[in-house]
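Each chain, written out:
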Amino acid sequence: MTELSKSGSALGEPVKDSPAPTAFLEVRDLKVHFPTDDGLVKSVDGLSFSLEKGKTLGIVGESGSGKSVTSLGIMGLHTTGQYGKRKAQISGEIWLDGTELLTADPDHVRKLRGREMAMIFQDPLSALHPYYTIGHQIVEAYRIHHDVDKKTARRRAIEMLDRVGIPQPDKRVDGYPHEFSGGMRQRAMIAMSLVNNPELLIADEPTTALDVTVQAQILDLIRDLQKEFGSAVIIITHDLGVVAELSDDLLVMYGGRCVERGPAEKVFYEPRHPYTWGLLGSMPRLDREQQERLIPVKGSPPSLINIPSGCAFNPRCPYADVPKDNVTRTVRPELTEVGSQHWAACHMTQEQRERIWTEEIAPKL
Amino acid sequence: MSEKPEDAAVTTSAQSDGAGPKPAAGTTLTKDAAPGETLLKVTGLQKHFPIRKGLLQRQVGAVRAVDGIDFEVKSGETLGVVGESGCGKSTMGRLITRLLEPTAGTVEFEGRDITHLGVSGMRPMRRDVQMIFQDPYSSLNPRHTIGTIIGAPFKLQGVTPEGGIKKEVQRLLSVVGLNPEHYNRYPHEFSGGQRQRIGIARALALNPKLVVADEPVSALDVSIQAQVVNLLDDLQQELGLTYVIIAHDLSVVRHVSDRIAVMYLGKIVELADRESLYKAPMHPYTKALMSAVPIPDPRRRAAKSERILLKGDVPSPISPPSGCRFHTRCWKATEICTTKEPPLLELKPGQQVACHHPENAEDQAPQDTVLLTAAKEAVELVPDAVVSADAAQKARAEATGEEPEDAK
Amino acid sequence: MLAYLFRRLFAAAVMLVVIILVVFCIFFLVPRWAGVDPATMFVGKQADPQAIEDVRQKLGLADPILVQVWEFFKGLFAGRTYAAGGDVTECAAPCFGYSFRNEQAIWPVLTDRFPVTLALALGAAVLWLLFGVAAGVLSALKRGSLWDRGAMVVALGGVSLPIYFTGLLSLAIFSYGLGWLDAQYVPLEESFGGWLGGMILPWITLAFLYAAMYARITRATMLEIMGEDYIRTARAKGLREPVVIGKHAMRSTMTPILTMLGMDLGALIGGAILTETTFSLPGLGAAVLKAISDKDLPVILGVTLITSLAVIVANLVVDILYAVIDPRVRLA
């Protein structure tokens, strides 16, 4: 458990306007908005967190919660948004190892991409270029940041393919993505993202497109590689099982905002936000006795153009009327500390939440 | 490939089904088949997709998507079908709903052979067997209002429900939890979960007996998945429906199913009632599959040692491995597994398995003890707790029902 | 890759044979069913019956159909002999027959005119590829900008203005007005400078039409490709934007462009009739135009076969290039 308590320090609430963060990665009040014809899509709307080297942060949320947009924002990849021709409006601060990325020279950020921070994508088939061999793509990734000849880079590529468990790497290095199976492709993708020993690895739904037995292999691989390389890892997923496997800390996103964040154990065992309760109640679990019924969250995720006023979760929250004066519908709740290194954004009092969790929710899970 | 042993297995399973149908199903049942009676029977079902090449389109091989499977579905129960991509589970679903023509084998519905019925012969059948699809985005025609979509089955079948189509459609909408006033809206005005509800309403329109759902929730968000799972549950209770639910998510399948079939490369490797399957799986593949599911519990991470990591990927269904198809990845495989295909046998009441060396049961080929080289490599990925003889002994002793090595 | 190459070559050869058969049938059998006698067409309606009969004998038009087809094939690959009584004409391979009008052999006519058309098509193709693709890429990258809108308006103009309009306009301005270029075709053997001067306007006119189409296709494809996941991956590696576009995006953008190029080149070689007529170029198009008005079947037949061959060869080249660009194609 020492590991967990140490990880807690990574979650210090960032102090606004202090220019020198101590954490390896620190995101402060990040906003990513996309102007569209229908209105402003507030994909990420004020997100703050920090992460230390060697630690894994899990970001959990449903589609449209802003989790992928956050990762692309950190990587500086919002050059053309998926919402059309207009550029994304990004504000806030992203500090990576002492450099603020949003105000830095774009070419400097480009040099950090791939070397300091790398990314694994959900679907390796579409994320790898279909016309180039796996080896070519890895060599390219290596030679952008290392001034070596092709032969050395190729040796490095083979070495990486071997490390991620691809059999006969000296042959497969000349294979094309379509000649690889889904699992092998994701391994190659991981090899490519780790070829420069990045300090920060962002894995965006790295196993969602894979079968469950292959998913187990890949999760195992990511865990081993992290131990070996000591990078900071952000794992983005909708699957609470996957984050429970890998993460030290957990951040639950809803409607572009963080609703709860803390050490993984805390968030799983003492969740303090009704949305987290909803997620936990929605999943059938193999490790428990058969539940009679699942406890779903009513309604659908919010539109990012018209985020509900007050607490974004209030239309779906069964406890929206617990706090007085309709405050859940008018005032946006701030993250407040609900335990050691554990924050939640909810208007209910600590006592109310503890009581509801222990008496109403936990027994039914 | 011989299906004879499996034929025998089916008859035994018919006599002794471990999991009965849900009790509530009987109360409101208005169908012909009484609960517990066989509604659907599948024998030796095969579907080979030919691979053609060259100018003359010569057949050079076949994707053996479904390669000889037998099972029964009883009225009022839910049969879950799990497996990884390429195991043939979706093809199986399309075969039993006759959306695909089987290469061999028979499909009997209420005792009637429907395998080779033509379009007109199938029409009355289509009322009784309905399908729900995975993708709620592409399975609804964007140019039709949901009133038209849900009412279409009535028009196709030439049926006019009591009170008219519109009234019936509105009733169906409220049954699946949608606002009946949204009758005139178009699919794009609904969220993913709502669209899946529309798909369900359409499937229910003609009061079917059997609903085949292919990955009904996998395209939906977690919180929405639970809504749809609960809805399917409620509808079964109220309408006495029989489900075949095809899914890759083992937790969802366990939640919804009474009995579960595990498929691997076009074959059923294990078919058992839910409790037996999840507490004491017999097929090594079932065991590996279940241990691979990530558990949403950070404290369990310490218990990583229980995880069985399978080597490599699922082989191609074009040229599946000889003998037992799982032998290339199995840590228990011996010589016999490469040569003789294990029949699907009922080794315990309500639990059929196709394996020479099952877990939690008597070894079917005890004389064959020498592990294959591949199996020796595979065994390194299997935690000691699973492999050790002690565990096997214990499992055998407890095979009667108690879970041998629950990880709690 | 070799197997792929062999399969494509084989398919091309089969296609060629089938086309020859079909074309022969259409040209020699259909007129007969329509009640028109090719022999009459050869000699002319006013000729006496004996002359028509002689021609029929000589051209083998009285033979059974299969024999005619065989003779035609043999003529193409081995040469044939036309004989009727004492009147014997040797026709060396490849024998496309004789013109109904001036009794000249077709093949020399084709070889005479083919280079002109080929030069016109290839030269224009180089121009339209250079400018069309570049304009399309720039438009895609600066979507919504003034450049994009301007380029697309020009492209729309290029697509909708007919070649005889742009051709005559350019002639009026550059040749008659400014006097910069001669509107006269000069064979390459006579003077390279003269040839070049005569070809520049046709090239530009033709290229303008096609460049406009290619710009639009390139822009649309590029926009689609830039949204692909692997482009995001390329950026995530830290590649410079010019490399992302020039290497990763361009290679994918090339595939639909190549497909179009194969078809367009083939069609153009078959006769850029309008361009050749507008600029009085002695190419295949001009020849076929005259043959059509003269009802000179053998010439039309010859040009049709050459066109088919050109389309097949162009498509073969495109298929091979395709396989070089996209490794997945090699499997198919």
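A quick note: this is a predicted structure, and the numbers were derived from the prediction, not measured. (Residues numbered from 1 in each chain as written. Chains lettered and ligands numbered in written order. Predicted model: local features only at pLDDT ≥ 70, side-chain atom pairs only at ≥ 80, totals over all residues. Heavy atoms only, no water.)

### Quick look at the overall build of chain C
Secondary structure assignment for chain C yields 13 helices and two strands. Per-residue burial for chain C yields a buried fraction of 46% across its 332 residues. If you sum the accessible surface of chain C, you get close to 16,200 Å²; carbon and sulfur atoms cover 70% of it. (Helix = DSSP H or I, 4+ residues; strand = E, 2+ residues; numbered from the N terminus. Buried < 20%, exposed > 50% of the residue type's maximum accessible area, 1.4 Å probe, protein only. Areas by Shrake-Rupley, 256 points an atom, 1.4 Å probe, with all protein chains shown as cover.)

### What about the overall build of chain A?
For chain A, the count of helices and strands is 14 helices and 12 strands. For chain A, the residues scored as buried account for 60% of the 365 residues in total. Within chain A, counting contacts between residues at least 6 apart in sequence, those at least 24 apart form 66% of the total. Working note: accessible area of chain A is about 14,000 Å², and carbon and sulfur atoms make up 48% of it. (Contact = heavy atoms within 4.5 Å.)

### Details of helix α6 (residues 164–175) of chain B
Structural remark: α-helix, 3.6 residues per turn; residues separated by three or four positions point the same way. Residues and elements named next belong to chain B. Its 12 residues place the ends of α6 17 Å apart at the C-alpha level, agreeing with the 16 Å of an ideal helix rising 1.5 Å per residue. Among the residues of α6, E168, V169, L172 and L173 are the ones counted as buried. Viewed along the axis of α6, the buried residues span an arc of 145°, placing them on a single side of the element. Along its buried surface, α6 packs onto α5 (146–157) and α7 (192–204). (Expected span 1.5 Å × (residues − 1). Arc of directions from axis to C-beta.)

### With respect to the side chain of A:E205
Residues and elements named next belong to chain A. Of note, E205 is situated in the loop between β7 (200–204) and α9 (212–229). For E205, the side chain forms a polar contact with the side chain of T208, separated by 2.4 Å. Excluding residues within four positions of it along the chain, E205 makes contact with K67, Q122, I236, T237 and H238. (Polar contact = N/O pair within 3.5 Å; in protein donor to acceptor, adjacent residues only side chain to side chain.)

### Things to note about the sheet that holds strand β2 (residues 39–51) of chain A
Residues and elements named next belong to chain A. Pairing in this open sheet of four strands is antiparallel, and the strands run β2-β1-β4-β5 from one edge to the other. Only two strands of the sheet have a single neighbouring strand rather than two, namely β2 and β5 (99–100). As paired elements, strand β1 (residues 25–36) and strand β4 (residues 89–96) share seven bridges and run antiparallel to each other. Across the sheet, the residue bridging to V32 is I90, located in β4. Packing of helix α2 (residues 67–75) onto the sheet brings it into contact with β1, β2 and β4, and relative to β2 it is tilted by some 70°. (Pairing = 2+ DSSP bridges. Axes fitted to C-alpha atoms, helices over the stretch in contact; angles between N-to-C directions.)

### Concerning the confidence of the model for chain A
The predicted coordinates of low-pLDDT regions are not to be read in fine detail. All names here are of chain A. Residues at a pLDDT of 70 or more form 92% of chain A, whose mean pLDDT is 87. Across residues 1–16, where pLDDT falls below 50, the model places 32 contacts with residues more than four positions away in sequence or in other chains. The low-confidence segment residues 80–84, where pLDDT is below 50, has eight contacts with residues more than four positions distant or belonging to other chains. (pLDDT = per-residue confidence, 0-100.)

### A few points about the environment of A:S65
Residues and elements named next belong to chain A. On the secondary structure map, S65 appears in the loop between β3 (56–60) and α2. Classification of S65 by relative accessible area gives buried; the value is 4%. In sequence terms S65 and V44 are 21 residues apart; their C-alpha atoms lie 7.8 Å from each other. Once residues lying within four places of it in the same chain are set aside, the contact partners of S65 are S43, M253, Y254, G255, G256 and R257.

### Brief notes about the packing of helix α6 (residues 150–163) of chain A against helix α8 (residues 182–194) of chain A
Residues and elements named next belong to chain A. The interhelical angle for the contact between α6 and α8, taken along N-to-C directions, is 130°, at an axis separation of 9 Å. Considered as vectors, α6 and α8 are oriented oblique to each other. In the packing of α6 onto α8, the handedness of the crossing is right-handed. For the pair α6 and α8, contact is made by R156, M160 and L161 and by A188, A191 and L194, respectively. Here the residues of the contact of α6 with α8 are counted per class, giving five nonpolar, no polar and one charged. (Parallel < 35°, antiparallel > 145°, perpendicular 65-115°, else oblique. Left-handed = near helix turned anticlockwise from the far one by under 90°. Nonpolar A, V, L, I, M, F, W, Y, C, P; charged D, E, K, R; others polar.)

### Quick notes on the interface of chain B and chain A
Contacts between chain B and chain A engage 42 residues on the former and 50 residues on the latter. Both faces combined, the contact of chain B with chain A buries some 4,300 Å², and carbon together with sulfur accounts for 51% of it. Counting the contacts that link chain B with chain A gives 16 residue pairs in polar contact (both at pLDDT 80 or more). Put simply, the parts of the chain that give the side of chain B that touches chain A at least two residues each are α8 (222–239), α9 (250–256), α10 (274–279) and α11 (284–292) of chain B. The dominant element in the side of chain B that touches chain A, judged by the number of residues it contributes, is α8(B), at nine residues. Of the residues that constitute the side of chain B that touches chain A, the class distribution is 17 nonpolar, eight polar and 17 charged. (Buried area = accessible area lost by both parts, 1.4 Å probe.)

### Quick look at the side chain of B:E168
By the element assignment, B:E168 lies in helix α6. Residues within four places of B:E168 in sequence aside, it is in contact with B:F154, B:P161 and B:A205.

### Quick notes on the nonpolar core
All names here are of chain A. Core analysis: the biggest nonpolar cluster contains 106 residues, and L25, F49, I74, M117, I190, L200 and I234 have the highest contact counts within it. Counting residues per element, this core draws most heavily on α8, at seven residues. When residues of this core are assigned to domains, at least three map to each of domain 1 (22–258) and domain 2 (266–364). Sequence-distant contacts of I74, that is, excluding residues within four places in its chain, are made with L25, V27, F49, I94, L101, M117, L200, I202 and I234. (Core = buried A, V, L, I, M, F, W, Y, C linked by side-chain atoms within 4.5 Å. Domains from an automatic or database assignment.)

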